Amino acid sequence: MADWVSSLGASVSDVDFQTVDLRDLQLGLDDEPDIPAAGRDYRGPATRRWSELVQGAGAIVFVSPQYNWGYPAALKNAIDHLYREWRSKPVLIVTYGGHGGGKCGAQLREVLGGLDVILTDAMPALRLARARIVANDGAIDPDIDFADQREEVLGGLRELVAKMSELRAG
């Protein structure tokens, strides 16, 4: 999913979209001795790497499945590992699931708003077909499963790139 969103981003802008899979970061659960708001004196190499990635990004696109009307614990943990790095970052939230992910997106919007990000108005919530959910084989083909929702994602990405450009110009 994230790779698909990234490829769509590349189609609307010359901005470099980098995909980060939280699984690859291997962030521990609340494993830093200090609270993130205290500064950037992170002890763990995974947290330092995560901090560098977020700090260096011009904008962030969160791509998340909706689980039980919310977002995954790993995403909450990753968000909570940092604090200042989020400030003034343009953010687009893209969710997906059997019900589209709107509740997941709303929860993310509330949490991220408290971190002083710049949220886009767009919040694509991509609905998976019931047959795909019942198959439960882990296979999602965004070009097929979300073909009718592609423009919604493209619109959100265009809005994100515009916000990022405004910040750079301003």
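Residues numbered from 1 in each chain as written. Predicted model: local features only at pLDDT ≥ 70, side-chain atom pairs only at ≥ 80, totals over all residues. Heavy atoms only, no water.

J.: I'd like to hear about the overall build of the protein chain, residue by residue, with values.
T.: The number of helices and strands found in the protein chain is 8 helices and 4 strands. Listed by position from the N terminus, the elements making up the protein chain come as α-α-α-β-α-β-α-β-β-α-α-α. In summary, the protein chain has a C-alpha radius of gyration of 16 Å against a globular reference of 15 Å for 170 residues, a match within 12%. Considering only C-alpha atoms, the protein chain reaches an extent of 45 × 40 × 25 Å along its principal axes. Within the span of the protein chain, comprising 170 residues, buried residues form 42% of the whole. Sequence-distant contacts in the protein chain: of pairs separated by 6 or more residues, those separated by 24 or more amount to 75%. A total accessible area of about 9,400 Å² is found for the protein chain, and carbon and sulfur atoms account for 47% of it. Side-chain charges in the protein chain split into 18 positive and 25 negative, and the spacing between the mean points of these groups amounts to 3 Å. (Helix = DSSP H or I, 4+ residues; strand = E, 2+ residues; numbered from the N terminus. Rg over C-alpha atoms; globule rule 2.2 N^0.38 Å. Buried < 20%, exposed > 50% of the residue type's maximum accessible area, 1.4 Å probe, protein only. Contact = heavy atoms within 4.5 Å. Areas by Shrake-Rupley, 256 points an atom, 1.4 Å probe, with all protein chains shown as cover. Lys, Arg positive; Asp, Glu negative; His and termini not counted. Charge placed at Lys NZ, Arg CZ, Asp CG, Glu CD.)

J.: I'd like a description of unusual backbone geometry, backed by residues and values.
T.: For Gln 26, which is not glycine, the phi torsion reads 55 degrees and is therefore positive. Counting through the fold element by element, Gln 26 comes out in the loop between α2 (22-25) and α3 (45-56). Residue classification places Gln 26 among the exposed positions, given a relative accessible area of 64%. Unusually for a residue other than glycine, Asn 68 sits at a positive phi of about 50 degrees. Within the secondary structure, Asn 68 sits in the loop between β1 (60-65) and α4 (73-80).

In short, geometric facts, not functional conclusions.
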